[in-house]
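Spelled out from the first residue to the last, the chains are:
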Amino acid sequence: MTDRILTAAPLTAEAFHPFGDVIDTQRTPDKIINQGMCDRYTDLAKLDFSDGRAGISLFDAKARHLPYSVDLLERHPDGSQAFIPITPTRFLVIVAPDAGGVPGAAQAFLTDPGQGVNLHRGVWHGVLAPFEAPGLFAVIDRIGSGANLEEHPLDRPYIVTAAPA
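These numbers were taken from a predicted model, which means no experiment stands behind them. (Residues numbered from 1 in each chain as written. Predicted model: local features only at pLDDT ≥ 70, side-chain atom pairs only at ≥ 80, totals over all residues. Heavy atoms only, no water.)

Trainee: What is the right way to look at the nonpolar core in this model?
Mentor: Nonpolar side chains in soluble globular proteins tend to end up buried together. One finds Leu6, Val70, Leu73, Leu92, Ile94 and Val160 to be the most contacted residues of the largest nonpolar core, which totals 17 residues. Among the elements of the structure, strand 7 (68–75), strand 9 (91–96), strand 10 (107–110) and strand 15 (150–162) are those that each provide at least two residues to this core. Setting aside residues no more than four positions away along its own chain, valine 70 makes contact with Ile94, Leu154, Pro157, Tyr158 and Val160. Core analysis: the next-biggest nonpolar cluster, separate from the first, contains 16 residues, Ala61, Phe91, Phe109 and Val139 among them. (Core = buried A, V, L, I, M, F, W, Y, C linked by side-chain atoms within 4.5 Å. Buried < 20%, exposed > 50% of the residue type's maximum accessible area, 1.4 Å probe, protein only. Helix = DSSP H or I, 4+ residues; strand = E, 2+ residues; numbered from the N terminus. Contact = heavy atoms within 4.5 Å.)

Have a look at this one:
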């Protein structure tokens, strides 16, 4: 079988809306706090957990390069999952809608440095993929009993071949 080609598009709130939230400061701050020295951007992601609690973890991920092969998608049925870069690393975000319990047609996005994402509960997605440089990420997701991971190996991988500058 042949590979399927994905071209990474710039990450925008509008394009990413069906899959989750873009976490960034590309809008007017909600408040100015700390004696005028800090812009506050409030409630940037819908955290959603069926049970358990929100936890913060750190992921230290190795760099991925183009062409990048995507042969596995996963999802978390019991909670959303947010990825917030600590290092100024861009990263590839591969997402797909649900198609009757399996991933539908995937899409690829490339973040700008400083952008994060919150994947809605149950959204199929690729693994954390810092682009061209390693990355350290704060990850906010469900901590609780029971498995919160479904993996789906792809019979035909996607190949991400080009990303906008």
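So, next bit.
Trainee: Just checking my understanding: could you explain the packing of aromatic side chains for this structure?
Mentor: Each aromatic ring pair is summarised here by two numbers: the centre-to-centre distance and the angle between the ring planes. On inspection of all chains with the given rule, the structure shows 4 aromatic pairs. Judged by centre distance (6.2 Å) and plane angle (75°), the rings of phenylalanine 59 and phenylalanine 83 are edge-to-face. Here phenylalanine 59, found in strand 6 (residues 53–61), pairs with phenylalanine 83, found in strand 8 (residues 81–85); they are 24 residues apart in sequence, far enough to count as distant. Phenylalanine 59 gets classed as partly exposed once you look at its relative accessible area, which sits at 30%. Judged by relative accessible area, which is 7%, phenylalanine 83 ranks as buried. Considering the side-chain rings of phenylalanine 91 and phenylalanine 137, the 5.0 Å spacing of their centres and the 85° angle between planes classify their relative orientation as edge-to-face. (Phe/Tyr/Trp six-rings, centres within 6.5 Å; stacked < 30°, edge-to-face > 60°.)

Trainee: I'm lost on unusual backbone geometry in this one. Help?
Mentor: Leaving glycine aside, a negative phi is the common case for residues, and trans is the common case for peptide bonds. That bond from leucine 66 to proline 67 is cis: its omega, -5°, falls within 30 degrees of zero. Secondary-structure assignment places proline 67 in the loop between strand 6 and strand 7. Here aspartate 43, not a glycine, exhibits a phi torsion of approximately 55°, which is positive. As for its position among the elements, aspartate 43 is in the loop between strand 5 (38–40) and strand 6. Its relative accessible area of 71% is what places aspartate 43 among the exposed residues. The phi torsion at glutamate 132 lies on the positive side, around 70°, for a residue other than glycine.

Trainee: Is there a simple way to think about the sheet that holds strand 11 (residues 116–119) in this case?
Mentor: Strand-to-strand pairing in sheets goes through backbone hydrogen bonds, with the strands running parallel or antiparallel. Read across the open sheet, the 5 strands follow the order 3-11-8-14-6; overall the sheet is antiparallel. In this open sheet, the two strands that pair with only one neighbour each are strand 3 (20–23) and strand 6. The sheet shows a mean angle of 20° between the axes of neighbouring strands, taken without regard to direction. (Pairing = 2+ DSSP bridges. Axes fitted to C-alpha atoms, helices over the stretch in contact; angles between N-to-C directions.)

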